[in-house]
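Listed below, chain by chain, are the residues.
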Amino acid sequence: MIKFLDLNKINNRFRSEFEVSFSKSLDDAHFILGKNVINFENEFASYCGAQFCVGTANGLDALTLILKGYIQLGKLQKGDKVIVPANTFIATILSVLHADLVPVLVEPNPDSYNITIDSIKESKADAKAIIMVHLYGQLCDVEDILEFAETNDLLLIEDAAQAHGAECKLGMAGNVSNAAAFSFYPSKNLGALGDGGAITTNNEDLARVIRQLRNYGSTKKYTNKILGYNSRLDDMQAAFLSIKLGELNADNKRRREIAKVYLSEINNPKIKLPFYNGTKNHVFYAFVVEVDDRNDFTEYLNNHNIEWLIHYPIPPHKQEALSAFSNLEFPVTENIHKKIISLPISPVLENNEVQKVVEILNSY
Ligand SMILES: *Cc1c(COP(=O)(O)O)cnc(C)c1O
């Protein structure tokens, strides 16, 4: 069996370090917003090249608190429109709704799967913000979108939940916009042993407000300045994340290596391979191919013991929870959702497993 993602194997690499830091945390007994959170926030900010990092309970909260933070600062008003991709994980769209803002869904580019400057312009929305999702680990066309946002006075926010460590000329994921949200869900390129998230930004006011929002609206214990939430990054998870951050670049490099093998050696005309420009702008959270007859293909993979997933099987606007959007049509997005399938790619995949995937795909 070739596993889609072997979390045991990924995390066992750090087992002894995890155990040391677990014992230390148990001894220190500073479980909430202790020094592990402060350390990780500093490390992750500097990893991304951003001035500030604020840990949160998960990625959805990171996105939501960025938007609520801007509302608190008067930069967004309830009811303002926010441009988001139609094909994304539902969290991106939920964050906009939870912040009482209005999501304007736009189609992605069918090759990169990301929103582009053209799709943003075509939406003609009088929006106040854009959330660009670096889907599957590949950065959006950051330069174009950033320039458009700056000239039109729009806030630009990154959903970088799949793109830890992706890098382009302008900088790293997390530092190519006004503010970025990360998730440390266990399967992400940088994954905790539970839930976790963070925001990064160079805006000191925003970082300060989000620090309050995540902790009951307080800066001082039992003094509540604003209506806050409880969305803190867990201190023990922060310690585990600091340990894993040390391997992130090597892990991403390995993911790109595997992707390059797939891209050069899979040559079955029935399988459409993903677009990749060969640079560090992609960290291959997922390696997504397209086939016309997905049922037939997944059955074939099952028969040959290759695990697979679909990111994602139902587009957000077709979800029951978003029935208010169900009358909208997004043919590019819907077509993508019908055909895509994610192949195993992870830093612990062995070369012989990669070769096996290539062979099996080529004989389909
Ligand atoms: C994982 C993910 C999120 C949400 O992260 P959680 O930590 O699960 O809340 C948001 N956006 C995208 C694109 C994701 O992949």
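It is worth spelling out the packing of aromatic side chains at this point. What describes a pair of aromatic rings is the distance from one ring centre to the other and the angle between the planes of the rings. Applying the stated criterion across every chain yields a total of 14 aromatic pairs. Ring geometry for Phe44 and Phe184: centres 5.5 Å apart, planes at 85 degrees, overall edge-to-face. Here Phe44 is found in helix 3 (residues 35-48), whereas its partner Phe184 is found in the loop between strand 8 (179-183) and strand 9 (197-201), with 140 residues between them in sequence. Each member of the pair Phe44 and Phe184 is classed as buried. Between Phe284 and Phe287, the ring centres sit 5.9 Å apart and the planes meet at 25 degrees, which makes this aromatic pair stacked. Each member of the pair Phe284 and Phe287 is classed as buried. In this structure, Lys270 is placed above the aromatic ring of Tyr364, and the distance from its NZ or CZ to the ring centre is 4.6 Å.

This brings us to the nonpolar core. In terms of nonpolar packing, the biggest core is built from 43 residues, with Phe40, Phe44, Ile130, Met132, Phe184 and Leu190 touching the most fellow members. For this core, the elements supplying multiple residues, two or more each, are helix 3, strand 3 (102-106), helix 6 (117-123), strand 4 (129-133), helix 7 (142-151), strand 8 and helix 9 (235-265). Here this core gets six residues from one element, more than from any other, and that element is helix 3. With residues near it in sequence (within four places) discarded, Phe184 still touches Phe40, Phe44, His164, Leu190, Gly191, Ala192, Gly194, Gly196, Gly197, Ala198 and Leu241. Core analysis: the second largest hydrophobic core is formed by 33 residues, Leu63, Ala86, Ala129 and Ile157 among them.

Near the ligand there are 13 residues, and of these Gly59, Asp159, Gln162, Ser183 and Lys188 occur at the shortest range. Separating an oxygen atom of the ligand from a side-chain N or O atom of Gln162 is a distance of 2.8 Å. Contacts to the ligand include Ser183, whose side-chain N or O atom sits 2.6 Å from an oxygen atom. Residue classes in the shell around the ligand are distributed as six nonpolar, five polar and two charged.

Another aspect to go through is the domain arrangement of the protein chain. Each domain of the protein chain was delimited in the assignment, giving domain 1 (7-105 + 113-245) and domain 2 (248-362). Computed from C-alpha coordinates alone, the two centres of domain 1 and domain 2 are separated by 24 Å. Listed per partner, the contact involves 30 residues of domain 1 and 33 residues of domain 2. In this assembly, domain 1 packs against domain 2 so that about 2,900 Å² is buried in total across both faces, 60% of it on carbon and sulfur atoms. Here domain 1 is connected to domain 2 by two salt bridges. Across the salt bridge formed by Arg13 and Asp251, the nearest N and O atoms sit 2.9 Å from each other. Our count for the contact surface shared by domain 1 and domain 2 stands at 19 residue pairs in polar contact (both at pLDDT 80 or more). Within the residue set of the side of domain 1 that touches domain 2, elements represented by two or more residues are helix 1 (7-12), helix 5 (90-98), strand 3 and helix 9. It is helix 5 that provides the largest number of residues to the side of domain 1 that touches domain 2, a total of three residues.

Let us now look at the sheet that holds strand 4. Spatially, seven strands are ordered 1-9-8-5-4-2-3 in an open sheet, and the strand pairing comes out mixed. Taken across any chain shown, the strands that pair with only one partner, and hence form the sheet edges, are strand 1 (52-56) and strand 3. The mean inter-strand angle of the sheet, taken between neighbouring strand axes irrespective of direction, is 20 degrees. The pairing of strand 1 with strand 9 spans five bridges and is classified as antiparallel. Looking at the pairing, Val54 lines up with Ile199 of strand 9. Sheet strands in contact with helix 4 (residues 59-72) are strand 1, strand 4, strand 5 (155-159), strand 8 and strand 9, and its direction is about 160 degrees off that of strand 8. Helix 8 (residues 204-213) rests against strand 1, strand 8 and strand 9 of the sheet, and its axis sits at about 20 degrees to strand 1.

The rules behind the values
- Residues numbered from 1 in each chain as written.
- Predicted model: local features only at pLDDT ≥ 70, side-chain atom pairs only at ≥ 80, totals over all residues.
- Heavy atoms only, no water.
- Phe/Tyr/Trp six-rings, centres within 6.5 Å; stacked < 30°, edge-to-face > 60°.
- Helix = DSSP H or I, 4+ residues; strand = E, 2+ residues; numbered from the N terminus.
- Buried < 20%, exposed > 50% of the residue type's maximum accessible area, 1.4 Å probe, protein only.
- Lys NZ or Arg CZ within 6 Å of the ring centre and 35° of its normal.
- Core = buried A, V, L, I, M, F, W, Y, C linked by side-chain atoms within 4.5 Å.
- Contact = heavy atoms within 4.5 Å.
- Near = heavy atom within 4 Å.
- Polar contact = N/O pair within 3.5 Å; in protein donor to acceptor, adjacent residues only side chain to side chain.
- Nonpolar A, V, L, I, M, F, W, Y, C, P; charged D, E, K, R; others polar.
- Domains from an automatic or database assignment.
- Buried area = accessible area lost by both parts, 1.4 Å probe.
- Salt bridge = Lys/Arg side-chain N within 4 Å of Asp/Glu carboxyl O.
- Pairing = 2+ DSSP bridges.
- Axes fitted to C-alpha atoms, helices over the stretch in contact; angles between N-to-C directions.

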